[in-house]
Amino acid sequence: MNRGEKIVVSPYVSIVIPTYNRLLYLTELMECLSRQTFQSFEIIIVNDCGEKVDIVKELYPQLLITIIEMDTNVKHVHARNVGVAHANGDYIMLIDDDDLIVSTHLKTMLEVISEYDLIYSDVEIVNYEWIHQVRVPKARFLFAYELDLKGMRTFSTFIPSGCLYRKEIHDQIGGFDADMHHYWDWDFFLRVSEKFRVNRVPVAGVLYDFSDSHGNQSKNVDSMQGYLKKLSEKHNLGELPTKNFFTLLDEPGVKKRKAGTKQVWDGTPFRTRATNRTHL
């Protein structure tokens, strides 16, 4: 074995990250991954025909990073399928390029996964502002709800960022549905939960970016209605509400599922090695 060669031990995780013109966000995510207390993983970044992101390898040479360059913009769902197809791990962890995880997240999830096929954690939903090339939290709140498979057919509390699952799941159900530009994650959860063991981990180990200035797609209700109808028809869900996300959280059926969780992030921003590089 050559000096400096990475030793891979089981379980081995493939972290799949689609990205498109969010290089500084992506470097913050690399910073999070460099701090993980569990380090047996590879990172597969699928650059969806956006600006080059090769600098992350220079900034974080200790991470095992593979960058897949798409020739055309195939959108985020198909990009995830490409990433999964290149994964070498027994387990897949999904995460968006603008989301973050605490340093103990992978370790926590791997301690639970042995009894299940897919697990997901609670999250903190964060509204950030950029200050000197660093995202600083302006507001944050816990998103933690009991796992209720019947309730998940009305309102999904599954956040795919940070979820961990066995790669072999795709052998039975196929890839993510690229026709579901919105609600691909809800669709994936419903398909998985029909055949596999799923569970929630009551630890808020994921920091989900829902910033005012960020243009989060899930805030645009009008653009999502057609996909919600398609999801309902696919899974025979009946009529589903198309209200604003935060309005839905006030629905009695959703509030009834609200649960306690372990909050682990102290609110400290993730200052990356890319900070102060003017070309980023």
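That block above? That's the structure.
Residues numbered from 1 in each chain as written. Predicted model: local features only at pLDDT ≥ 70, side-chain atom pairs only at ≥ 80, totals over all residues. Heavy atoms only, no water.

Engineer: An account of helix α1 (residues 23-34) is requested, with residue identities and associated values reported.
Structural biologist: Its 12 residues give α1 an end-to-end C-alpha distance of 16 Å, which sits within 8% of 16 Å, the value for a rise of 1.5 Å per residue. For α1, the buried fraction is high: 12 of the 12 residues fall into the buried class. Looking only at α1, the buried set comprises Leu23, Leu24, Tyr25, Leu26, Thr27, Glu28, Leu29, Met30, Glu31, Cys32, Leu33 and Ser34. (Helix = DSSP H or I, 4+ residues; strand = E, 2+ residues; numbered from the N terminus. Expected span 1.5 Å × (residues − 1). Buried < 20%, exposed > 50% of the residue type's maximum accessible area, 1.4 Å probe, protein only.)

Engineer: Before we move on, could you go through the nonpolar core and cite the residues and values that matter?
Structural biologist: Val13, Ile17, Met30, Leu33 and Ile45 are the most contacted members of the largest nonpolar core, which totals 55 residues. In terms of residue count, the dominant contributor to this core is α1 (seven residues). Non-local contacts of Ile45, meaning those with residues more than four positions away in its chain, are made with Ile17, Thr19, Leu26, Met30, Val53, Val56, Ile65, Thr66, Ile67 and Ile68. Grouped together as the second largest cluster of nonpolar side chains are 36 residues, Ile44, Ala79, Ala87 and Met224 included. (Core = buried A, V, L, I, M, F, W, Y, C linked by side-chain atoms within 4.5 Å. Contact = heavy atoms within 4.5 Å.)

Engineer: Run through the side chain of His76, naming residues and quoting values.
Structural biologist: For His76, the position within the fold is in helix α3 (residues 76-85). Here the side chain of His76 touches His181 through a polar contact of 2.9 Å, landing on its backbone oxygen. (Polar contact = N/O pair within 3.5 Å; in protein donor to acceptor, adjacent residues only side chain to side chain.)

Engineer: Any chance you could break down unusual backbone geometry for me, citing the residues and the numbers?
Structural biologist: A positive phi angle, near 55°, is found at Asn21, a position not held by glycine. Topologically, Asn21 is positioned in the loop between β1 (13-19) and α1.

Engineer: Let's hear about the pattern of salt bridges: which residues, and what values?
Structural biologist: With the rule as written, the count across this model stands at 16 salt bridges. Here Glu111 and Lys107 are joined by a salt bridge, their closest N and O atoms 2.6 Å apart. Residues joined by salt bridges that share partners form a network here, namely Asp177, Asp187, Arg191 and Lys234. (Salt bridge = Lys/Arg side-chain N within 4 Å of Asp/Glu carboxyl O.)

Engineer: Tell me about the packing of aromatic side chains, residues and numbers included.
Structural biologist: Think of a pair of aromatic rings as described by two things: how far the centres are apart, and how the planes are tilted against each other in angle. If you walk through the whole model with that rule in mind, you get 15 aromatic pairs. Aromatic side chains Tyr120 and Phe189 sit 6.0 Å apart centroid to centroid with 90° between the ring planes, which places their arrangement in the edge-to-face category. Note that Tyr120 is positioned in strand β6 (residues 118-131) and Phe189 in helix α6 (residues 184-195), a separation of 69 residues in sequence. Summarising the aromatic geometry, the rings of Phe245 and Phe246 are spaced 5.1 Å apart at their centres and angled 75° between planes, so their arrangement reads as edge-to-face. On the basis of relative accessible area, Phe245 is assigned to the buried category, the value being 17%. We classify Phe246 as partly exposed; its relative accessible area is 35%. Each residue in the set Phe141, Phe143, Tyr145, Tyr208, Phe210, Phe245 and Phe246 is aromatic and connected to the rest through ring pairs, giving one cluster. Just above the ring of Tyr128 sits the side chain of Arg135; from NZ or CZ to the centre is 4.8 Å. (Phe/Tyr/Trp six-rings, centres within 6.5 Å; stacked < 30°, edge-to-face > 60°. Lys NZ or Arg CZ within 6 Å of the ring centre and 35° of its normal.)

Engineer: With reference to specific residues and values, describe the state of the cysteines.
Structural biologist: Counting across every chain of the model gives zero disulfides. Of all cysteine sulfurs, the one in Cys163 lies closest to Cys32, which takes part in no disulfide; the gap is 16 Å. Judged by relative accessible area, which is 0%, Cys32 ranks as buried. (Disulfide = S-S within 2.5 Å.)

Engineer: Can you lay out the side chain of Ser34 for me, pointing to particular residues and giving the numbers?
Structural biologist: Positionally, Ser34 belongs in helix α1. For Ser34, a relative accessible area of 18% gives the class buried. A polar contact of 2.7 Å, which involves the side chain of Ser34, links it to the backbone oxygen of Glu31. Those residues in contact with Ser34, other than ones at most four positions away along the chain, are Gln39, Tyr60, Gln62, Leu63 and Arg273.

Engineer: Before we move on, could you go through α6 and cite the residues and values that matter?
Structural biologist: Its 12 residues place the ends of α6 17 Å apart at the C-alpha level, agreeing with the 16 Å of an ideal helix rising 1.5 Å per residue. In terms of burial, α6 is largely enclosed, as 10 of its 12 residues are buried. Where α6 is concerned, the buried positions are Trp184, Asp185, Trp186, Asp187, Phe188, Phe189, Leu190, Arg191, Val192 and Ser193.

Engineer: Now, about the environment of Pro202: what can you tell me, with residues and values included?
Structural biologist: Within the element layout of this structure, Pro202 appears in strand β9 (residues 198-209). Along the backbone, Pro202 and Leu59 are 143 residues apart, and their C-alpha atoms lie at a distance of 33 Å.

Engineer: Can you explain the pairing of strand β7 (residues 134-143)? Please cite residues and give values.
Structural biologist: As a general feature of sheets, a regular strand has side chains that alternate between the two faces. The pairing of β6 with β7 spans nine bridges and is antiparallel. Note that in β7 the partner of Val123 across the bridge is Phe143. In sequence, β6 turns back onto β7 through a hairpin of two residues, with His132 there showing a positive phi of about 50°. (Pairing = 2+ DSSP bridges.)

Engineer: How would you summarise the environment of Ile125 if you had to cite specific residues and measurements?
Structural biologist: Inspection of the secondary structure assignment puts Ile125 in strand β6. With relative accessibility at 3%, the residue Ile125 sits in the buried group. For the pair Ile125 and Phe141, spaced 16 residues apart in sequence, the C-alpha to C-alpha distance is 5.5 Å. Ile125 has contacts with Ala139, Arg140, Phe141, Phe143, Tyr208, Phe210 and Phe245, leaving out every residue within four places of it along the chain.

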